[in-house]
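A structural walkthrough
What follows is the residue order along each chain.
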Amino acid sequence: METHLRIDLLTGEAALAFLPNLIPLAVAIFDDDDDFMTLPADAAEKPGLMLLTAWIGTDLRGFKMGYRRSEKHFYSWLGGVLPEARGHGIARRLMDAQHAWATEQGYTTVSTETFNRYRPMLLLNIQSGFDVVGTLTTLGGEAKIVLRKVLGSSGA
């Protein structure tokens, strides 16, 4: 795999305009068509939307996006890396870039939610300084893990 990784930042209207291009990537990452067909409409309702895309050459390999929950709190909403591109630090670089951007924007905390089945992301969050602060139960009965991090703390 070519190792030069480029991360692009899109916010607001530019992020919304790119989202139709992101659907095939999200489907490939999560292996679920149904959840992503409404992504552009869902994202249009999110204040302060930001999107990071990870490229190796001209190939889109991963993404991370989030939005403002309050003046000082950022929510890391959705992201992932293609299965064949995992294990090369792309998710960590996306997370680091997102947290650096959020800090520059004046946010002091970031939160995210994940499922136990996404263990690599759960572990990356914990290794990156997130604390488990609670759980939610989906309508389907699956536990969702709620994590929060004070920006400026890096973890172990």
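Read on for a plain summary of the structure. Please read all numbers here as calculations on a predicted model, not as lab measurements.

Comments concerning the sheet that holds strand E3 (residues 59-68)
Reading across from one edge, E1-E2-E3-E4-E5-E7-E6 is the order of the seven strands in this open sheet, with mixed pairing throughout. Each of the sheet's edge strands pairs with one partner strand only, and the pair in question is strand E1 (5-11) and strand E6 (131-137). Within the sheet, the average angular offset between the axes of one strand and its neighbour, ignoring direction, is 25°. Where E3 and strand E4 (residues 73-81) come together, seven bridges link them in antiparallel fashion. Across the sheet, residue Gly 66 finds its bridge partner in E4, namely Ser 76. Seen against the sheet, helix H1 (residues 12-30) touches E1, strand E2 (50-56), E3 and E4 and runs at an angle of roughly 125° to E3. Of the strands in this sheet, strand E5 (109-115) and strand E7 (143-150) are in contact with helix H4 (residues 119-127), which crosses E7 at around 25°.

Considerations on the pattern of salt bridges
Taken as a whole and assessed by the stated rule, the structure comprises four salt bridges. Put simply, Glu 84 and Arg 61 hold a salt bridge, and the shortest N to O gap is 4.0 Å. One end of the pair, Glu 84, is in the loop between E4 and helix H3 (90-104); the other, Arg 61, is in strand E3, with 23 residues separating them in the sequence. Exposure remark for Arg 61: the relative accessible area of 16% places this residue in the buried category. A salt bridge links Arg 117 to Glu 142, with the shortest nitrogen-to-oxygen separation between them at 2.8 Å. Of this pair, Arg 117 sits in the loop between E5 and H4 while Glu 142 is found in the loop between E6 and E7, placing the two residues 25 residues apart along the sequence. By relative accessible area, Glu 142 is classed as partly exposed at 29%.

Observations concerning the pairing of E2
Burial within E2 is extensive, with seven of its seven residues counted as buried. Pairing of E1 with E2 involves seven bridges; the strand directions are antiparallel. Looking across to E2, one finds that Leu 9 is bridged to Leu 52. In this sheet, E3 lies alongside E2 in antiparallel orientation, the contact comprising seven bridges. Within E3, the position partnered with Trp 55 by the bridge is Leu 60. The turn linking E2 back onto E3 is made up of two residues, and Gly 57 within it adopts a positive phi angle of 65°.

Each value, and the rule that gives it
Residues numbered from 1 in each chain as written. Predicted model: local features only at pLDDT ≥ 70, side-chain atom pairs only at ≥ 80, totals over all residues. Heavy atoms only, no water. Pairing = 2+ DSSP bridges. Helix = DSSP H or I, 4+ residues; strand = E, 2+ residues; numbered from the N terminus. Axes fitted to C-alpha atoms, helices over the stretch in contact; angles between N-to-C directions. Contact = heavy atoms within 4.5 Å. Salt bridge = Lys/Arg side-chain N within 4 Å of Asp/Glu carboxyl O. Buried < 20%, exposed > 50% of the residue type's maximum accessible area, 1.4 Å probe, protein only.

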